[in-house]
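# Geometric and topological summary
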Amino acid sequence: MRYYLDAEFNGFGGDLISIALVPETDNLPPFYEAVQCCDPTPWVAAHVLPALATEPVAYAAMQDAFADYLAADPHPVLVADWPEDIVHAARLLATDDGRRLILSAVSFELAEVVSFSSAELSKVPHNAYHDAVALRTFCMARRHAHIK
């Protein structure tokens, strides 16, 4: 199954703050977690942290929850609009002591998003969950338009 991915992080190249996966079908729950951001950039403090809408957990707890969420799917495909979202998702699947947290194959896809803007299409811009919903809506509309 395809899962639409968005992550918020502390500036380009910065630490992960929050991550969301929204499944292609509505019959499965989404995944959304955040970790503490101790030294946010001014932009992140003004735009990302006020939009979190969840209590931060420890990074290891986020890793376990992320792996558990994906474990039931024999071949999840994570679709993102930004390369760094994929980097953060992949990092969640490996621990600092070198363990892989999920045994199934996981694929990553960088979507073609020429006219996509999460800031314009998201109900709550800079919230990973709402941005992932906006990405799913955009990508699925494009897929349906190509099918017709």
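Residues numbered from 1 in each chain as written. Predicted model: local features only at pLDDT ≥ 70, side-chain atom pairs only at ≥ 80, totals over all residues. Heavy atoms only, no water.

## Things to note about the nonpolar core
In this structure, L5, I19, L21, F66, L70 and L78 are the most contacted members of the largest nonpolar core, which totals 20 residues. Looking at this core, the elements with two or more residues in it are β1 (2-9), β2 (16-23), α2 (59-71), β4 (77-80) and α3 (83-92). Excluding its chain neighbours within four sequence positions, the residues that come into contact with I19 are L5, D6, A7, F31, Y32, E33, M62, F66, H88, A89, L92 and A128. (Core = buried A, V, L, I, M, F, W, Y, C linked by side-chain atoms within 4.5 Å. Buried < 20%, exposed > 50% of the residue type's maximum accessible area, 1.4 Å probe, protein only. Helix = DSSP H or I, 4+ residues; strand = E, 2+ residues; numbered from the N terminus. Contact = heavy atoms within 4.5 Å.)

## Some details on the side chain of D85
Here D85 shows up in helix α3. At 11 Å, R91 is the nearest oppositely charged side chain to D85, a buried residue that forms no salt bridge. A distance of 3.4 Å separates a polar atom in the side chain of D85 from the backbone nitrogen of A7. For D85, the residues in contact, after removing those within four places along its chain, are L5, D6, A7, F9 and A80. (Lys, Arg positive; Asp, Glu negative; His and termini not counted. Salt bridge = Lys/Arg side-chain N within 4 Å of Asp/Glu carboxyl O. Polar contact = N/O pair within 3.5 Å; in protein donor to acceptor, adjacent residues only side chain to side chain.)

## Structural notes on the layout of surface pockets
The computed volume of the largest pocket comes to approximately 440 Å³. Lining the largest pocket are 20 residues, and of these E8, F9, F12, W82 and H126 lie nearest its centre. Taken together, the elements giving at least two residues each to the lining of the largest pocket come down to β1, α1 (42-47) and α4 (118-121). In terms of residues, the lining of the largest pocket owes the most to one element, β1, which gives four residues. Partitioning the lining of the largest pocket into residue classes produces 10 nonpolar, five polar and five charged. (1 Å grid on protein atoms, 1.4 Å probe; cavity = no way out; pocket = protein on both sides within 12 Å on 5 of 7 lines; lining within 4 Å. Points joined across faces, edges and corners; volume = space filled by probe spheres on them. Nonpolar A, V, L, I, M, F, W, Y, C, P; charged D, E, K, R; others polar.)

## Here's the deal with the pattern of salt bridges
Summed over the entire model, instances satisfying the criterion amount to five salt bridges. Between E24 and R2 there is a salt bridge, with its nearest N and O atoms 3.9 Å apart. Of this pair, E24 sits in the loop between β2 and β3 (31-34) while R2 is found in strand β1, placing the two residues 22 residues apart along the sequence. Here the salt bridges do not stand alone but share partners, grouping R2, E24 and E109 into one network.

## Some words on the state of the cysteines
Throughout this description, disulfide means a covalent bond between two cysteine sulfur atoms. By the definition in use, this model includes zero disulfides. The structure places no disulfide on C37, whose sulfur is separated from the nearest cysteine sulfur, that of C38, by 7.1 Å. (Disulfide = S-S within 2.5 Å.)

## Some details on α3
Turning to α3, its buried residues are E84, D85, I86, H88, A89 and L92. Of the surrounding secondary structure, the elements contacted by the buried residues of α3 are β1, β2, α2, β4 and β5 (107-110).

## A word on the pairing of β5
Pairing between β4 and β5: four bridges, direction parallel. For L78, the partnering residue across the bridge sits in β5 and is F108. Taking the sense of rotation as the criterion, the β-α-β connection linking β4, α3 and β5 turns out right-handed. (Pairing = 2+ DSSP bridges. Right-handed = clockwise from strand over helix to strand, strands pointing away.)

The analysis is restricted to geometry; functional conclusions fall outside its scope.
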